[in-house]
Amino acid sequence: GNHTLLTEFILSGLSSRPELQHLLFFIICLVYIMTLIGNLLICMVTVHPTLRTPMYFFLRVLSFLDISTASVVVPKMLVSLLSEDRSISYLGCVTQLYCVVFLAATEWFLLAAMAYDRYVAVCSPLRYSAIMSTRACLSLVLLSCCSGKVVSVVQTAWVFTLSLCGPRRIDYFFCDIPPLVVLSCTDTSPYERQLISATVLVIFTPFCLILLSYTCIISSILKISSAESRHKTFSTCSSHLTVVTLYCASGTLIYLQPKSSHSQDAKKIFALIYTTVIPTLNPLIYSLRNKEVKEVLIRVM
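Definitions and limits used
Residues numbered from 1 in each chain as written. Predicted model: local features only at pLDDT ≥ 70, side-chain atom pairs only at ≥ 80, totals over all residues. Heavy atoms only, no water. UniProt positions renumbered as here; feature names shortened; annotations may be inferred. Salt bridge = Lys/Arg side-chain N within 4 Å of Asp/Glu carboxyl O. Helix = DSSP H or I, 4+ residues; strand = E, 2+ residues; numbered from the N terminus. Buried < 20%, exposed > 50% of the residue type's maximum accessible area, 1.4 Å probe, protein only. Disulfide = S-S within 2.5 Å. Pairing = 2+ DSSP bridges. Axes fitted to C-alpha atoms, helices over the stretch in contact; angles between N-to-C directions. Parallel < 35°, antiparallel > 145°, perpendicular 65-115°, else oblique. Left-handed = near helix turned anticlockwise from the far one by under 90°. Contact = heavy atoms within 4.5 Å. Nonpolar A, V, L, I, M, F, W, Y, C, P; charged D, E, K, R; others polar. Expected span 1.5 Å × (residues − 1). Polar contact = N/O pair within 3.5 Å; in protein donor to acceptor, adjacent residues only side chain to side chain.

By the naming in an unreviewed UniProt entry, the chain is Olfactory receptor, taken from Hylia prasina. Under Subcellular location (unreviewed entry), UniProt gives the following word-for-word description of the chain: "Cell membrane". On record in UniProt, under Sequence similarities (unreviewed entry), the comment for the chain is "Belongs to the G-protein coupled receptor 1 family."

Shown next, in the form of structure tokens:
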């Protein structure tokens, strides 16, 4: 049949109810400001001489990724809430999808690297400095970025090689894989199977490595005789586990059913969680549960 060449898309946004637009704008703008302030403070605090350890280096990189993720999605969403023009160009959609997938995948691999860092710190404390050297930390971050780039290039290329001949309206608040797959007028079953395989690879492989690391960590913690030392060690690790759980739950529920239309509103909520809410919670999780960060933060403030 005749296919119309799509040069731009229309984002439906979070809600189609006009009376909610200003309220949503205020809430999301406030959350975005909190994200920027919280993560910038973490970046500033973790360069303090007393916090120059691999754990805080990874935390600084995580904060930078959180700022980037929120900044790729939220400003366009805020403009759409106040303006009737909700269009996004074809190139803009490609760029946004690439950045979102790259940042999300990189963050997952970085969380696995952070779990490995905690494993070495707890299970091999005498060799910690030698194993987690500056070169090793930089290599892990670079490996996470390269892995995220490969995943993003492959997924973005696959999505935009589909024949997107459906309506140009995207029932979402940013360009993501599930709502774009719905626009395809061809059989997307092979791509959906590929996406599920990629989701399992990108999410569950790091998740299994994280679980393995924490199984060894918990086993070592239980062998510590001092109750205070056990509590301090577990408190440090529980912050990381909280973030991992939030990311795993939201990412799995979004990408394991890419063309499911009946749960689109639910997918919007989960997408809002991992692009907006989690980047705001990360500084709170890592600072409020970490005595060293709180002490330096008070001094900096």
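S.K.: Got a minute to help me understand the pattern of salt bridges in this structure?
M.R.: Close approach of charged atoms allows side chains of opposite charge to pair. Scanning the entire structure with this criterion turns up 3 salt bridges. Taking the shortest distance from any N to any O, the salt bridge between E8 and R168 comes out at 2.5 Å. Here E8 is found in strand β1 (residues 8–11), whereas its partner R168 is found in the loop between α5 (134–161) and β3 (169–170), with 160 residues between them in sequence. Note that R118 and D117 form a salt bridge whose closest N and O atoms lie 3.0 Å from each other. D117 shares its class with R118; the two are buried.

S.K.: Explain the state of the cysteines here, please?
M.R.: What makes a disulfide is a covalent bond joining the sulfur atoms belonging to two cysteines. What the rule picks out here adds up to 1 disulfide. Sulfur-sulfur distance for the disulfide between C93 and C175 comes to 2.0 Å. Between C93 and C175, the S-S dihedral sits near -120°, and the bridge is therefore left-handed. Of the two residues, C93 is situated in helix α3 (residues 90–123) and C175 in the loop between β3 and α6 (177–182); the sequence distance between them amounts to 82 residues. In this structure C93 comes out as buried when scored by relative accessible area, which is 0%. Overall, the relative accessible area of 0% leaves C175 in the buried class. C146 supplies the cysteine sulfur nearest to C145, a cysteine that is in no disulfide, at a spacing of 6.9 Å. Note on C146: relative accessible area 41%, which makes it partly exposed.

S.K.: Which parts of the structure should I look at to understand the sheet that holds β3?
M.R.: Pairing between the strands of a sheet comes from backbone hydrogen bonds, and it takes one of two forms, parallel or antiparallel. Strand order in the open sheet made by the 3 strands is β2-β1-β3, with mixed pairing throughout. Edge strands, defined here as strands with exactly one partner in the open sheet, are β2 (87–89) and β3. In the sheet, β1 pairs with β3 via 2 bridges, with the strands oriented parallel. Looking across to β3, one finds that I10 is bridged to R169.

S.K.: Explain the packing of α3 against helix α7 (residues 189–222) here, please?
M.R.: Each pair of packed helices gets described by two things: the angle between the helix axes and the distance between those axes. Two numbers describe how α3 lies on α7: the axes approach to 9 Å, and their chain directions differ by 15°. Between α3 and α7, the angle is such that the two are roughly parallel. As for how α3 packs across α7, the hand of that crossing is left-handed. For the pair α3 and α7, contact is made by A105, W108, F109, L111, A112, A115, Y116, R118, Y119, V122 and C123 and by V202, I203, P206, F207, I210, S213, Y214, C216, I217, S220 and I221, respectively. Considering only residue class, the contact of α3 with α7 consists of 19 nonpolar, 2 polar and 1 charged.

S.K.: Sorry if this is basic, but what is going on with the packing of helix α2 (residues 54–82) against α3 here?
M.R.: One way to put it is that α2 packs onto α3 with a least axis distance of 10 Å and a crossing angle of 160°. The pairing of α2 with α3 is recorded here as roughly antiparallel in orientation. As α2 runs across α3, the sense of the crossing is left-handed. Considering only residue class, the contact of α2 with α3 consists of 16 nonpolar, 4 polar and 5 charged.

S.K.: Looking at this structure, how should I read α5?
M.R.: Turn by turn, an α-helix covers 3.6 residues, leaving residues three or four places apart pointing in a common direction. Relative to the 40 Å expected for 28 residues at 1.5 Å per residue, α5 spans 41 Å between its end C-alpha atoms, a close match to the ideal helical length. Within the span of α5, buried status applies to C137, V141, S144, G148, V151, S152, Q155, T156, V159 and F160. In this structure, the buried side of α5 is in contact with α2, α3, α6 and α7.

S.K.: Explanation requested: the side chain of T106 in the structure shown.
M.R.: Looking at the element boundaries, T106 is found in helix α3. A relative accessible area of 1% places T106 in the buried class. Within the structure, T106 has its side chain in polar contact with the backbone oxygen of F102 (distance 2.7 Å). Residues within four places of T106 in sequence aside, it is in contact with L65, S144, C145 and G148.

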